[in-house]
Amino acid sequence: MSIMDSSEHGQVGTITVWIELKETSQPLTFEAANTYQKGDLFCVYVPRENRVYKIPLANIWRVTEEYHARAEPERPGTPQQFEQYVHHNERVWVRSDLKGQHREHCLCYSCHGFHPGTARNCTLAQELYEFDVKHGVTTPVWECPLFVAAEKG
Ligand code: SF4
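What you are looking at is a predicted structure, and each value in this text was computed from that prediction instead of being measured. (Residues numbered from 1 in each chain as written. Predicted model: local features only at pLDDT ≥ 70, side-chain atom pairs only at ≥ 80, totals over all residues.)

Draft legend 1. Local environment of the sheet that holds strand E4 (residues 41-46). Read across the sheet, three strands follow the order E3-E4-E5 without closing on themselves; strand pairing throughout is antiparallel. The sheet is open, and its two edges are formed by strand E3 (34-38) and strand E5 (51-56), each paired on a single side. In this sheet, neighbouring strand axes are inclined to one another by 25 degrees on average, regardless of whether the strands run parallel or antiparallel. Sheet analysis places E4 next to E5, joined by six bridges and oriented antiparallel. Within E5, the residue paired with leucine 41 across the bridge is proline 56. (Pairing = 2+ DSSP bridges. Helix = DSSP H or I, 4+ residues; strand = E, 2+ residues; numbered from the N terminus. Axes fitted to C-alpha atoms, helices over the stretch in contact; angles between N-to-C directions.)

Spelled out as structure tokens, the structure:
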């Protein structure tokens, strides 16, 4: 098997990497900035985690990489760009300029009742989260009649 350094492609933006190991059926999935080979290791740099994953080449059956061009800032008359990535174990489509920004727009993250991952979580937010995971969608709360601003600090 020959594995190239993805930086040789001169790509900018992110790379979705699926690594299928010889011994497991589920591929490992990464949102990477770069992949490369170092000795007997296949390396995947994931900037969001500030981490490099190093996997022995001998354990790998197949590597698939999908390149996503970096989104250009939106200008009037510029067509929007879209891309795919893996979220909640689902390959989803997203507008490139809005990828990963749902938290910044979701009212829940400023709400007194929002306690994700705990039994105290707002029932509405919890229902919405479960709906999103079930259907592979992401639905930030833009408006809500039950919102109470969380105390700062
Ligand atoms: S009350 Fe509304 S804004 Fe607050 S956590 Fe629940 S759904 Fe989100």
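Draft legend 2. Representation of the site of the ligand within the structure. All residues in the neighbourhood of the ligand are listed as Leu107, Cys108, Cys111, Gly113, Phe114, Cys122, Leu124, Ala125, Val141, Cys144, Leu146 and Phe147. For the shell around the ligand, the residue count by class is eleven nonpolar, one polar and no charged. (Near = placed C-beta within 6 Å. Nonpolar A, V, L, I, M, F, W, Y, C, P; charged D, E, K, R; others polar.)

Draft legend 3. Just the sheet that holds strand E2 (residues 28-32), in detail. If you trace the three strands from one edge of the open sheet to the other, you get E2-E1-E6, paired in antiparallel fashion. Looking at which strands have only one partner, the edges of the open sheet turn out to be E2 and strand E6 (60-68). Each adjacent strand pair in this sheet contributes to an overall mean axis angle of 15 degrees, direction not counted. In this structure, strand E1 (residues 14-21) lies alongside E2, joined through five bridges in antiparallel fashion. Across the sheet, residue threonine 16 finds its bridge partner in E2, namely glutamate 31.

Draft legend 4. Up close: the environment of threonine 24. Here threonine 24 is to be found in the loop between E1 and E2. Note on threonine 24: 11 C-beta atoms within 10 Å, which makes it exposed. Residues threonine 24 and isoleucine 60 lie 36 residues apart in sequence; the distance between their C-alpha atoms is 9.9 Å. (Buried ≥ 20, exposed ≤ 12 C-beta atoms within 10 Å, placed from the backbone.)

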